[in-house]
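In case you want the letters, here they are:
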Amino acid sequence: MRLSPAARIVILTGAGISAESGLRTFRAADGLWENYRVQDVATPEAFRRDPALVHRFYNERRRSLATVQPNAAHRALVRLERAWAGDILLVTQNVDDLHDRAGSKRLLHMHGELLKGRCLGCQAIHSWSKDMGQDSRCPACGRGPVRPHIVWFGEMPLAMDQIFEALERCDLFLAIGTSGHVHPAAGFVEAVGPGTRTVELNLQPSLVASAFREVRQGKAKDLVPAFVEELLEDASH
Ligand code: APR
């Protein structure tokens, strides 16, 4: 189904788009996450119970960002954003900064960002690129201890109203490299309008693949540039 050049696009990305940059996905075969159990490092309870362990986990992941680069899939989405005449919104579940470094601007990190911290006192959110610990203090109020600006399990993802408003209005919903294990992102495909074109690009069909009109199987670094070229080619006629 050909999209008009003014069509509205919402794109959802997950860990699969960063896999070829060298960042591991979450549900790898061993079910561990960088050798930690999720419930030990990615919940508010875990942070209350053992803040040092949680800080260590995120410090390791924050440091690893310096060792990876955006890949062709990230760059293809920037090309689309810059060339597309209609509204386009990139919603990522990823907390890495690869979309940001690739140049995406119309970007929402619904699960937060590794390179940001949040004050437990004044709630200010600020850039944070170095290690974080229990003795780290908020740069805004100078008093509050800080936590990673990451949405943990049991917490509400960010920008939900804006995301659902965009989903209801979009003409194309494209999901890239996400397994459909985690809500609310897994339910986004059900939130679009009846006439919306829905496409999934993934190495394996996700848990919600059956809800998409089109499913393409393969690596993001191959599928995403090809799909973007198709969209731009169609829109140019
Ligand atoms: N190209 C395309 N897709 C890929 C590739 C690749 N090279 N490698 C893996 N994938 C796909 C897998 O098939 C899977 O569907 O990426 C997906 C990764 O799934 P998950 O590890 O569950 O990651 P994600 O869907 O982003 O997880 C969602 O869960 O752990 C929480 O908050 C965390 O944001 C994360 C959320």
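Bear in mind that the values here come from a model prediction, so they are computed numbers and not experimental data.

Thoughts on the nonpolar core
Of all hydrophobic cores here, the largest spans 26 residues; its most connected members are Ile 11, Leu 80, Trp 84, Ile 176 and Val 224. Broken down by secondary-structure element, the contributors of at least two residues to this core are strand 1 (9-13), helix 5 (72-83), strand 2 (88-92), strand 7 (172-176), strand 8 (197-202) and helix 8 (220-235). Top element by residues in this core is helix 8. It accounts for eight residues. If you look at the next biggest cluster of nonpolar residues, it comprises 19 residues, including Leu 12, Leu 108, Met 110 and Leu 167.

Some points on the environment of Glu 20
In this structure, Glu 20 sits in the loop between helix 1 (16-19) and helix 2 (38-41). Given the relative accessible area of 28%, Glu 20 is considered partly exposed. Separated by 141 residues in sequence, Glu 20 and Asp 161 have C-alpha atoms that sit 31 Å apart. Once residues lying within four places of it in the same chain are set aside, the contact partners of Glu 20 are Asn 71, Lys 219, Ala 220 and Lys 221. Side-chain polar atoms of Glu 20 contact the backbone nitrogen of Lys 221, separated by 3.4 Å.

Brief notes about the site of the ligand
Taken together, 21 residues sit near the ligand, with Ala 15, Phe 26, Arg 27, Ser 179 and Asn 202 positioned nearest. Backbone polar atom of Ala 15 to an oxygen atom of the ligand: 2.8 Å apart, as the coordinates give it. Within the side chain of Glu 20, a nitrogen or oxygen atom sits 3.0 Å from a nitrogen atom of the ligand. When grouped by side-chain class, the residues that make up the shell around the ligand number seven nonpolar, eleven polar and three charged.

Notes on the pattern of salt bridges
Any two side chains of opposite charge can pair if their charged atoms end up close together. Applying the stated criterion across every chain, the model contains 15 salt bridges. Here Glu 155 and Arg 147 are joined by a salt bridge, their closest N and O atoms 2.9 Å apart. A relative accessible area of 7% places Arg 147 in the buried class. Ionic contacts of the salt-bridge type, sharing partners, join the residues Arg 8, Asp 87, Glu 165 and Arg 169 into one network.

Focus: the sheet that holds strand 6 (residues 146-150)
Strand order across the open sheet formed by three strands is 5-4-6, with antiparallel pairing between neighbours. Among the strands making up the open sheet, the edge pair consists of strand 5 (125-127) and strand 6. Neighbour-to-neighbour, the strand axes of this sheet turn through a mean angle of 45°, independent of strand direction. In this sheet, strand 6 lies alongside strand 4 (residues 112-119) in antiparallel orientation, the contact comprising four bridges. Note that in strand 6 the partner of Gly 112 across the bridge is Ile 150.

Some words on the sheet that holds strand 8
The six strands lie next to each other as 3-2-1-7-8-9, forming an open sheet whose pairing is parallel. At either margin of the open sheet sits one strand with a lone partner, and together these are strand 3 (107-109) and strand 9 (214-217). Across this sheet, the average inter-strand angle for adjacent strands is 15°, counted without regard to direction. Docked against the sheet, helix 7 (residues 160-169) engages strand 1, strand 2, strand 3 and strand 7, running at close to 130° with respect to strand 2. Across the face of the sheet, helix 8 comes into contact with strand 1, strand 7, strand 8 and strand 9 while running at roughly 150° to strand 8.

Some points on the packing of aromatic side chains
Under the counting rule described, the total for this entry stands at six aromatic pairs. Aromatic pair Tyr 36 and Phe 57: ring centres 5.0 Å apart, planes at 70°, arrangement edge-to-face. With Tyr 36 in the loop between helix 1 and helix 2 and Phe 57 in helix 4 (residues 51-64), this pair connects stretches of sequence that are 21 residues apart. Of the two residues, Tyr 36 and Phe 57, neither departs from the other in class, the shared state being buried. Aromatic pair Phe 164 and Phe 188: ring centres 5.4 Å apart, planes at 85°, arrangement edge-to-face. One end of the pair, Phe 164, is in helix 7; the other, Phe 188, is in the loop between strand 7 and strand 8, with 24 residues separating them in the sequence. Residue classification places Phe 164 among the partly exposed residues on the basis of a relative accessible area of 27%. Taken together through their ring pairs, the aromatic side chains of Tyr 36, Phe 47, Phe 57, Tyr 58 and Trp 152 make up a single cluster. Directly above the aromatic system of Trp 128 lies the positively charged group of Lys 130, at a separation of 3.9 Å from the ring centroid. Residue placement shows Arg 147 over the ring face of Trp 152; its charged tip is 3.8 Å from the ring centre.

Basis of the calculations
Residues numbered from 1 in each chain as written. Predicted model: local features only at pLDDT ≥ 70, side-chain atom pairs only at ≥ 80, totals over all residues. Heavy atoms only, no water. Core = buried A, V, L, I, M, F, W, Y, C linked by side-chain atoms within 4.5 Å. Buried < 20%, exposed > 50% of the residue type's maximum accessible area, 1.4 Å probe, protein only. Helix = DSSP H or I, 4+ residues; strand = E, 2+ residues; numbered from the N terminus. Contact = heavy atoms within 4.5 Å. Polar contact = N/O pair within 3.5 Å; in protein donor to acceptor, adjacent residues only side chain to side chain. Near = heavy atom within 4 Å. Nonpolar A, V, L, I, M, F, W, Y, C, P; charged D, E, K, R; others polar. Salt bridge = Lys/Arg side-chain N within 4 Å of Asp/Glu carboxyl O. Pairing = 2+ DSSP bridges. Axes fitted to C-alpha atoms, helices over the stretch in contact; angles between N-to-C directions. Phe/Tyr/Trp six-rings, centres within 6.5 Å; stacked < 30°, edge-to-face > 60°. Lys NZ or Arg CZ within 6 Å of the ring centre and 35° of its normal.

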